[in-house]
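Commentary on secondary and tertiary structure
Take a look at the letters that make up each chain.
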Amino acid sequence: ERSIEAVALRPDCDQELLVADVDVRGASGLLRLYVSDGDGVQVGSVAVAVEEGAVPEGADPAGPARRRVRLTVPVPRPRRWSPDDPHLYDLTLRYGSDAVHSYTAFRTVEVAPDAHGVFRFLLNGEPLLLRGVLDQGYWSDGLMTAPSDEALAFDIQAMREAGFNMLRKHLKVEADRWYYHCDRLGMLVWQDMVNGGGAYGSWETSFRPTLWRGSWGDYDDCDPEHQAKLGAGSERYRDQWRRACRATVDHLRNHPSVVCWVLFNEGWGQFDAALATEAVRRADPTRVVDAVSGWYDQSCGDFLSVHNYFRKLKVYADGAALRGRAAERGGRAFAISEFGGATFRVEDHSAFAESYGYDSFDDLGAWRAAVRRTLEEAAALEGDGLAGYVYTQLSDVEEEVNGILTYDRRVNKLKEEAHGICDG
């Protein structure tokens, strides 16, 4: 007779509050929310009488009455979530005989200048170098579907053990369990929007920006001709992308591990990035935005975000006339959002005889040394203003044999004891 339909959570560290917007259906009654600290000790609760009211936006007006109720629970001195302390608070919602169990976490995310005026990624008010790895989320036996829940957790744990604190989920919205494992294991997530559109012009999306870095800042993605060359010439596609982008934000917003939205990658289907950035900020002001990853920067978002596979790694000056929040704040952070990609093919653990990557090795020891050297070079740029990096990539994907793990997850190429990794 009474049911809980949806929950949107907004933990507020500074106010020491948890705000929950809850959609319910059915007869009037009492809606209760209980918060415990993860060890079963209750730290807060609230009860609100639900009466007949307005139907929320997006609800079916012809269906059973559905109301949105706001609950506010004080949580004194909340323990802040971080990779070193991924503390989760347990939640229980009750409405009539319906009960929903969930969790939340308290943490803050922003881009702001440090004590020396250098723009950094801040977690809970403290600068944190994002040591990321690209994660496409493909599997040799299930393509986009992992073979088990244990396999989802295995990838995350393996990257934590390799020294990474962030995964860039690349052009895929993963199963909810994957984000749960990131939440509980303390792995930060940069979430890509899925890019689509028509056929991409290889000159525009690959050769031109690779050959001439100077072309990155002078390509207006509001120009209809440019949009067509980037596969974004169709208004139908642009509407679809906007809807999917907003749906992705709404779907994943309760996960504390998700700290950044990545809108467009390497120009694929890119259009109106500045407007898209502002739309995402309105939908979710609690996270940072990487508007354009790779090239064709539009002077918006929280990062100057570049891909660098062929040049010496360095921090580029952000000389653009900034727009939106970046202009109000006076700057952006700098991130190398893809680099590396060194290849080593492990016999009997590769999907194809062919190999694809950016620097090929026939000796595992040499590959291992090169990857570690490249990661050290990237980390050393923190003193020059680097806020974060994303190494390519977590696992091999078909002929791409530039992964730290093989496609079947049986071999971790960075580990000295390379075999017997995952039997799931």
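Residues numbered from 1 in each chain as written. Predicted model: local features only at pLDDT ≥ 70, side-chain atom pairs only at ≥ 80, totals over all residues. Heavy atoms only, no water.

Right, let's talk about the nonpolar core for a bit. Counting 69 residues, the largest nonpolar core has Met159, Trp241, Leu263, Ile336 and Tyr389 as its most contacted members. Sorting elements by how many residues they give to this core places helix α1 (residues 149-161) first, with six residues. Here Tyr389 is in contact with Leu129, Leu130, Arg131, Gly132, Phe164, Met166, Ile336, Phe339, Leu375, Ala378 and Ala379, once residues within four sequence places are set aside. Formed by 23 residues, the second largest nonpolar core is a distinct cluster that contains Leu88, Leu123, Leu130 and Val259. (Core = buried A, V, L, I, M, F, W, Y, C linked by side-chain atoms within 4.5 Å. Buried < 20%, exposed > 50% of the residue type's maximum accessible area, 1.4 Å probe, protein only. Helix = DSSP H or I, 4+ residues; strand = E, 2+ residues; numbered from the N terminus. Contact = heavy atoms within 4.5 Å.)

The next thing to look at is helix α2 (residues 176-185). Of the residues making up α2, those classed as buried are Trp178, Tyr179, His181, Cys182, Asp183 and Leu185. Gly186 sits one or two positions beyond α2 and adopts a positive phi of about 80°.

Here we come to the packing of aromatic side chains. For the coordinates displayed, the defined rule picks out 20 aromatic pairs. For the pair Phe339 and Tyr391, a centre-to-centre distance of 5.5 Å together with 85° between the ring planes defines the contact as edge-to-face. Highlighted residues: Phe339 in strand β17 (residues 333-340) and Tyr391 in strand β20 (residues 386-392), separated in sequence by 52 residues. In this arrangement the basic side chain of Arg213 is found over the ring face of Tyr316, its NZ or CZ atom lying 3.8 Å from the centre. Over the face of the ring belonging to Trp367 we find Lys413, whose NZ or CZ atom lies 5.5 Å from the ring centre. (Phe/Tyr/Trp six-rings, centres within 6.5 Å; stacked < 30°, edge-to-face > 60°. Lys NZ or Arg CZ within 6 Å of the ring centre and 35° of its normal.)

Attention now goes to unusual backbone geometry. Following Thr392, the chain continues to Gln393 via a peptide bond in cis, the omega torsion being 5°. Take Gln393: it is sitting in the segment after β20. You will see that Leu143, though not glycine, has its phi angle at about 60°, which is positive. By the element assignment, Leu143 lies in the loop between β11 (130-135) and α1. The exposure class assigned to Leu143 is partly exposed, which follows from its relative accessible area of 43%. Positive phi is not limited to glycine here, since Glu398 has a value of about 55°. Here Glu398 is to be found in the segment after β20.

A word on the sheet that holds strand β15 (residues 288-294). The strand order around the closed barrel formed by eight strands is β11-β12-β13-β14-β15-β16-β17-β20, and the pairing between neighbours is parallel. Strand after strand, the sheet turns through a mean of 25° between neighbouring axes, direction not considered. In the sheet, strand β14 (residues 258-265) pairs with β15 via five bridges, with the strands oriented parallel. If you follow Phe264 over to β15, its bridge partner there is Val292. Helix-sheet contacts for helix α5 (residues 235-252) involve β13 (188-192) and β14, and the interaxial angle to β14 is about 165°. (Pairing = 2+ DSSP bridges. Axes fitted to C-alpha atoms, helices over the stretch in contact; angles between N-to-C directions.)

Once that is clear, we can look at the confidence of the model for the protein. This prediction gives the protein a mean pLDDT of 93; 95% of its residues lie at or above 70. Segment residues 419-424 is flagged for pLDDT under 50; beyond a separation of four residues in sequence, or across chains, it makes 15 contacts in the model. (pLDDT = per-residue confidence, 0-100.)

On to the packing of α5 against helix α6 (residues 273-283). Direction vectors running N to C along α5 and α6 enclose 30°, while the axes themselves pass 10 Å from each other. One finds that α5 runs roughly parallel with respect to α6. Between α5 and α6 the crossing geometry is right-handed. The residues of α6 that touch α5, namely those facing Trp241, Cys245, Arg246 and Val249, are Ala276, Val280 and Ala283. When grouped by side-chain class, the residues that make up the contact of α5 with α6 number six nonpolar, no polar and one charged. (Parallel < 35°, antiparallel > 145°, perpendicular 65-115°, else oblique. Left-handed = near helix turned anticlockwise from the far one by under 90°. Nonpolar A, V, L, I, M, F, W, Y, C, P; charged D, E, K, R; others polar.)

If you walk through the whole model with that rule in mind, you get zero disulfides. Cys182 takes part in no disulfide bond, and the closest cysteine sulfur, belonging to Cys260, lies 14 Å away. By relative accessible area, which is 0% here, Cys182 ends up buried. (Disulfide = S-S within 2.5 Å.)

Turning to its location among the elements, Ala8 is positioned in strand β1 (residues 2-12). Residue classification places Ala8 among the partly exposed positions, given a relative accessible area of 23%. Placed 59 residues apart in sequence, Ala8 and Arg67 show a C-alpha to C-alpha distance of 13 Å. If sequence neighbours within four positions are ignored, Ala8 has contacts with Val19, Ala20, Asp21 and Asn254.

Restricting attention to buried positions, one finds in α6 the residues Ala273, Ala274, Ala276, Thr277, Val280, Arg281 and Ala283. Packing partners of the buried residues in α6 comprise α5, β14, β15 and α7 (324-329).

Attention shifts here to the sheet that holds strand β10 (residues 126-127). Pairing is antiparallel in the open sheet, where three strands are placed in the order β8-β9-β10. Among the strands making up the open sheet, the edge pair consists of β8 (109-113) and β10. Of the strand pairs in this sheet, strand β9 (residues 119-123) and β10 are connected by two bridges, and their pairing is antiparallel. In the sheet register, Leu123 faces β10, and the bridge partner there is Glu126.

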